[in-house]
Amino acid sequence: MLCQYLKSVLLINYKTACFSWNTRRTEIKLTETMFGIRLLILGRKCRSTMGLWKRSQYHTSGQTMDIGGIYPPIATPFARNEQVDFQKLEENLLKYAKIPFRGLVVQGSNGEYPYLTSEERVEVVRRVRQSLPKDKLLMAGSGSSMGTVLLSERMAKSGADVVLVVTPCFYRGRMDSRALIHHYTQVADACPVPVVLYSVPGNTGLDLPVEAILTLSQHPNIVGLKDSGGDITRIALIIHKTRKEDFQVLAGSAGFLLAAYSVGAVGGVCALANILGQQVCQLQQLCLAGQWEEARDLQYRLIEPNTAVTRQFGIAALKQAMEWFGYHGGECRSPLQPLSEAESQQLHLHFSSNGWL
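Think of each chain on its own: its residues are numbered from 1, step by step along the sequence as written. Only residues with pLDDT of at least 70 get local features here, since the model is predicted, and only at 80 or more are side-chain atom pairs given and counted; chain-wide, interface and lining totals rely on the full set of residues. With hydrogens and water set aside, each side-chain value is computed from the structure's full complement of heavy atoms.

## A look at helix H4 (residues 118–131)
- Taking 1.5 Å of rise per residue, the 14 residues of H4 would be expected to cover 20 Å, and the 20 Å separating its terminal C-alpha atoms lies within 8% of that figure.
- Every buried residue of H4 is accounted for by Glu120, Arg121, Val122, Val124, Val125, Val128 and Arg129.
- Throughout, a contact is declared for two residues whenever any of their heavy atoms are within 4.5 Å. Counting from the N terminus, the helices are DSSP H or I runs at least four residues long and the strands are E runs at least two residues long. The inward-facing, buried residues of H4 contact helix H3 (86–96), strand E6 (103–106), strand E7 (137–141) and helix H5 (148–157). Any helix carries an expected span of 1.5 Å times its number of residues minus one. Here's how the labels work: a residue is buried when its accessible area is under 20% of the maximum for its type, exposed when over 50%, partly exposed in between, all with a 1.4 Å probe on protein chains only.

Laid out in structure tokens, this is it:
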């Protein structure tokens, strides 16, 4: 009743950002944005007919989660029987703990999430959270053809600090801005942890439209974007247009990390960091220190290896190179196949010719 009354009283002024009342017993705050009105009473959320955003602990405390830094989107090691090899995963995590990553991305594209069951995906998140230091962020990929909201909630309960939600793409011709805004708003409304948008056109065939990103950047539970497309003009435009929002952009590849930092990105989710983690973190530090010449020289040496383990040969190459550098890549899960001998030799050349092997 109180929610409805206050909503009706304030409807004429609903474009005002925030209302606040203090009584002897409680403080009442009514916050409005284009997505709806939200009433907070003693920290409890009251649903209005205009919609509800469930905000994370960072937002309810008036803070925005800082997601800046480098994240490896970790591989899922499989045994020969194609079951998840949790022992090998744990050994990788112990090695990654020695590298100054901001956190880990779990069950992203490089984790082969389309070929894992929901139960496996949640269990991988749970195991990583158990091993990961508390000061490291766990960003969990929760996008799926169906059930993204439910999977996001399950991953949050299993220890994810943030969820990374890939664009739905199966009916690609109908995934216009209106459909995508509706989808991501539903996810962000329901998710108990912050949401990062994920645009990876190389895998989905769909770029999250800039106009959709600009609208979604205003949602208080959407804190950023991982853009793997590599279009620096587009990335710069998004950063420029969202500069007044609490919205952060992560480069989706080490191949354009320097360029992304130069236009205002805050970090990167880089497949190559699974292999050359120290070097990718060093590139980040050089960019932040304004040492652009040194950063450029290092960036040059990362481009070919990065291309080889991403768009050229994909996850099979990532896992093969991990083995060369002392990590456990393990088998790929079917239908993905290992590299041919010729492909393996070419991959080795991309690393050796740049001084990494």
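Next comes the rest of the write-up.
## Comments concerning the packing of aromatic side chains
- Pairing of aromatic rings covers Phe, Tyr and Trp, the last through its six-membered ring, and needs centres within 6.5 Å; plane angles under 30 degrees mean stacked, over 60 mean edge-to-face, and all others mean tilted. The tally for this structure, following the rule as stated, stands at four aromatic pairs.
- Relative to Phe101, the ring of Tyr96 lies with its centre 6.0 Å away and its plane at 65 degrees, an arrangement referred to as edge-to-face.
- On the basis of relative accessibility, which here comes to 4%, the residue Tyr96 falls in the buried class.
- Look at Phe325 and Phe351: their rings are 5.5 Å apart centre to centre, the planes differ by 50 degrees, and that puts the pair in the tilted class.

## Things to note about the nonpolar core
- Working definition of a nonpolar core: buried Ala, Val, Leu, Ile, Met, Phe, Trp, Tyr and Cys residues. They are joined through side-chain atoms within 4.5 Å. If you look at the biggest cluster of nonpolar residues, it comprises 86 residues, and the most contacted ones within it are Val128, Leu197, Ile275, Val309 and Phe351.
- Ranked by the residues each element gives to this core, the list is headed by helix H13 (residues 315–324), at six residues.

## A closer look at empty space enclosed by the protein
- Buriedness for pockets is judged along seven lines, at least five of which must meet protein on both sides within 12 Å for an open set on the 1 Å grid over protein atoms alone, while cavities are sets there where a 1.4 Å probe fits but cannot get out, and lining residues have an atom within 4 Å of a point. Grid points are joined across faces, edges and corners, and a volume is the space filled by probe spheres set on the points. Summed over the entire model, instances satisfying the criterion amount to three cavities of 30 Å³ or more.
- Put simply, the largest cavity is a space of about 90 Å³.
- The wall of the largest cavity is formed by Leu93, Tyr96, Ala97, Ile99, Phe101, Gly103, Leu104, Val128, Ser131, Leu132, Pro133 and Lys136.
- Secondary structure elements with two or more residues in the lining of the largest cavity: H3, E6 and H4.

## Observations concerning H13
- Here H13 lies mainly inside the structure; seven of its ten residues are buried.
- Where H13 is concerned, the buried positions are Ile315, Ala316, Ala317, Leu318, Lys319, Ala321 and Met322.
- Considering only its buried residues, H13 is in contact with H3, helix H12 (292–312) and helix H14 (341–352).

## Observations concerning the pairing of strand E10 (residues 222–227)
- Burial of E10 is extensive: six of the six residues sit out of reach of the surface.
- For two strands to count as paired, DSSP must find a minimum of two bridges between them. Relative to strand E11 (residues 248–251), E10 is paired through four bridges, and the arrangement is parallel. When the sheet's bridge partners are listed, Asp227 is paired in E11 with Ala251.
- Handedness of the E10-helix H9 (residues 232–241)-E11 crossover: right-handed. Crossover handedness is defined by viewing with both strands directed away from the observer: a clockwise path from the first strand over the helix to the second marks the crossover as right-handed.

## Regarding the packing of H13 against H14
- Packing of H13 against H14 leaves a shortest axis separation of 11 Å and a crossing angle of 60 degrees. If you check the angle between H13 and H14, you find them oblique. The hand of the H13/H14 crossing is right-handed. Where H13 approaches H14, its residues Ala317, Gln320, Ala321 and Trp324 are matched on the opposing element by Ser344, Leu347, His348 and Phe351. Fitted lines through C-alpha atoms give the axes, limited to the stretch in contact for helices. The angle between two N-to-C directions lies from 0 to 180 degrees. Here the angle decides the label: under 35 degrees means roughly parallel, over 145 means roughly antiparallel, 65 to 115 means roughly perpendicular, and every other value means oblique. By convention the crossing between two helices is left-handed if the near helix lies anticlockwise of the far one by an angle smaller than a right angle, and right-handed if it lies clockwise.

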